[in-house]
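Survey of secondary and tertiary structure
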Amino acid sequence: MAHYARNDELHAARTQGRAVKALCGTRFQPPADPSRLPVCVVCQQLAAAWSRG
Ligand SMILES: [Zn+2]
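The present account deals with the structure reproduced in this document.

Cut-off values and rules
Residues numbered from 1 in each chain as written. Predicted model: local features only at pLDDT ≥ 70, side-chain atom pairs only at ≥ 80, totals over all residues. Heavy atoms only, no water. Donors = N, O, S within 2.8 Å, 3.2 Å for Na, K, Ca; no water. Tetrahedral: all angles 85-135°; square planar, octahedral: opposite > 155°, others 65-115°. Helix = DSSP H or I, 4+ residues; strand = E, 2+ residues; numbered from the N terminus. Buried < 20%, exposed > 50% of the residue type's maximum accessible area, 1.4 Å probe, protein only. Core = buried A, V, L, I, M, F, W, Y, C linked by side-chain atoms within 4.5 Å. Contact = heavy atoms within 4.5 Å. Arc of directions from axis to C-beta.

Here we look at the coordination of the zinc ion
Those donors, His3 (ND1), Cys24 (SG), Cys40 (SG) and Cys43 (SG), are the protein atoms that reach the zinc ion, and they lie 2.0 to 2.4 Å from it. Classification of the site at the zinc ion rests on its 4 donor atoms, whose angles at the metal span 103 to 119°, yielding the label tetrahedral. In the primary structure, the donors to the zinc ion are separated according to the pattern H-x20-C-x15-C-x2-C. One end of the pair, Cys24, is in the loop between β1 (20-21) and β2 (27-28); the other, Cys40, is in the loop between β2 and α2 (41-52), with 16 residues separating them in the sequence. Overall, the relative accessible area of 8% leaves Cys40 in the buried class.

Right, here's the structure in full:
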C-alpha cells in the first residue's frame, strides 16, 4: 500500500532509511517504486482535499 506524506518528510525518510508518518496517520517505510502499489484511499482523499484548498 502506498501512502501520501509531506515531501520533506518523505525526503528525510528516504535519505535516513526511517519510517514516515502518512497523511492518514499510518507510519510506513516509503517504497522504492510507489507507482506499482495501490494508493491508500484515506491518504488520496486527504491529499485531494488539500489540493482543493
Ligand atoms: Zn494512508
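There's plenty left to go through after this.
Comments concerning the nonpolar core
Ala5, Leu10, Ala13, Val20, Ala22, Phe28, Cys40 and Cys43 form the largest nonpolar core, which has 8 residues in total. Not counting residues up to four positions away in its chain, the partners in contact with Ala5 are Leu10, Val20, Lys21, Ala22, Leu23 and Phe28.

Looking at helix α1 (residues 7-16)
Those residues of α1 that sit buried are Leu10, Ala12 and Ala13. For α1, the angular spread of the buried residues around the axis is 165°, confining them to a single face. Exposed and oriented more than 90 degrees from the buried face of α1 are Asn7, His11 and Thr15. Tucked into the core, α1 has its buried residues touching β1 and β2. Looking one or two residues beyond α1, the residue adopting positive phi is Gly17, at roughly 70°.

Quick look at the environment of Gln44
Turning to its location among the elements, Gln44 is positioned in helix α2. Overall, the relative accessible area of 39% leaves Gln44 in the partly exposed class. Taking the C-alpha atoms as reference points, Gln44 and Tyr4, separated by 40 residues in sequence, lie 7.2 Å from one another. Leaving out residues up to four positions away in the same chain, Gln44 has contacts with Tyr4 and Val39.

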